[in-house]
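Overview (structure and organization)
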Amino acid sequence: MTVLRQRMIRDMQLRRLAPGTQEVYLHAVTGLAKYYNLSPDLITDKQAQDYLLHLLYERKLAWSTCDVQASGWEFFFRVTCGRTLSQFQLPPRRHAQRLPDILSAQELERLFAAATPGKHRAMLMTAYSGGLRLSEVVHLKVTDIDSQRMLIRITQGKGNKDRDTLLSERLLAELRAYWKQDRPAPWLFPGPDRQTPYKYHSLRRVFARAKRKAGIHKRGGLHSLRHCFGTHLLEAGEDLRTIQLLMGHRSIQTT
């Protein structure tokens, strides 16, 4: 790990940025450095702005994706490097209000079948079956699976809140098969070194690869599985208050 990377991680930890935000910011700075093949502290504001235009108009990334990238660079240049005038925030843009695309039960079956058996399939099934956020999936520990009460314990999820959510019989069987094969500990889904959680961007790639292999063309990333969880519960007759608690929403309006 480079000294600059260590400094940036320390700066983010001191400001108590969420683990997911830290990973996204580091990924943004790494991408910028690779594009110019330069140490990121040597990259000028203009070069960063040129790369932002490249992401927007050549790679055609979503406005929200570019905004997060710019926020990561701004943090690095302003906080870690001490530059005072680094501003890469995009101007506000109105977004059309769209309902998320919901996968049907049949599409979910195809998605899970297309995922590599073992860890990858178990992660996707856990995200859907418990209605979990990406950060909640990768930070699960083996001890968070309560097979006696058929619950998944989410520890310090979004907003630093604990909650319980559903553990289905089918997911439990999948997790047991995965555990017998890999014996993970303490993280349920560890990264390659087995000492740290699985990486956010790696899990996103797992989902995208399975979706592509399953021939699913609906919009949405891994978070769409959480939308599916809530929508399918509602369609099955569950009340909104229960769904709110399972999903960990502070406000019923969010649900």
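Keep in mind that what you see is a predicted model, and the values were worked out from it rather than measured. (Residues numbered from 1 in each chain as written. Predicted model: local features only at pLDDT ≥ 70, side-chain atom pairs only at ≥ 80, totals over all residues. Heavy atoms only, no water.)

Some thoughts on the pattern of salt bridges
Put simply, the rule is: The term salt bridge refers to a side-chain nitrogen of Lys or Arg lying within 4 Å of a carboxyl oxygen of Asp or Glu. Comment: elements are numbered from the N terminus, with helices defined as DSSP H or I runs of at least four residues and strands as E runs of at least two. Residue burial is assigned from relative accessible area. The probe radius is 1.4 Å, only protein chains are included, and a residue is buried under 20% of its type maximum, exposed over 50%, and partly exposed in between.
On inspection of all chains with the given rule, the structure shows 11 salt bridges. Its salt-bridge partner being Lys46, residue Asp50 comes within 2.9 Å of it at the nearest N-O pair. On the criterion of helical spacing, the pair formed by Asp50 and Lys46 is a turn pair, its members being 4 residues apart in helix H3 (residues 45-58). For Asp50, a relative accessible area of 34% corresponds to the partly exposed category. Residues Arg149 and Asp164 are paired through a salt bridge, measuring 3.8 Å at the closest nitrogen-oxygen approach. Taken together, the positions of Arg149 in the loop between strand E1 (145-146) and strand E2 (151-157) and Asp164 in strand E3 (residues 161-166) put the pair 15 residues apart, joining distant regions of the chain. In this structure Arg149 comes out as exposed when scored by relative accessible area, which is 52%. Each of Asp146, Arg149, Arg153 and Asp164 takes part in a single network of salt bridges with overlapping partners.

With respect to the environment of Trp187
The cut-off we apply is this: Any two residues whose heavy atoms approach within 4.5 Å are treated as being in contact.
Tracing the backbone through its elements, the reader meets Trp187 in the loop between helix H8 (169-182) and helix H9 (200-213). Residue Trp187 is classed as buried on the basis of its relative accessible area, which comes to 16%. Residues Trp187 and Pro197, spaced 10 residues apart in sequence, show a C-alpha to C-alpha distance of 6.2 Å. Beyond its immediate sequence surroundings of up to four residues, Trp187 is in contact with Val138, His139, Leu140, Lys141, Val142, Gln195, Thr196 and Pro197.

Some thoughts on a nonpolar patch on the surface
What counts here: Patch construction takes residues with relative accessible area above 30% that form no salt bridge. Like charges are linked within 9 Å, and nonpolar side chains (Val, Leu, Ile, Met, Phe, Trp, Tyr) are linked within 5 Å. Shrake-Rupley sampling with a 1.4 Å probe provides the accessible areas, and residues are treated as covered by the protein chains on show and by no other component.
A contiguous nonpolar surface patch, about 250 Å² in accessible area, is contributed by Leu234, Leu240 and Ile252. The topology assignment puts Ile252 in the segment after helix H11 (240-247).

Section: unusual backbone geometry
For residues besides glycine, phi is generally negative; the peptide bonds are generally trans as well. Cis rather than trans, the peptide bond between Ala185 and Pro186 has omega equal to -10°. As for its placement among the helices and strands, Pro186 is situated in the loop between H8 and H9. For Met150, which is not a glycine, the phi torsion comes out positive at approximately 55°. Along the polypeptide, Met150 turns up in the loop between E1 and E2.

Focus: the side chain of His232
The topology assignment puts His232 in helix H10 (residues 224-235). Excluding residues that lie within four positions of it along the chain, His232 makes contacts with Ile102, Leu103, Ser104, Leu108 and Tyr128.

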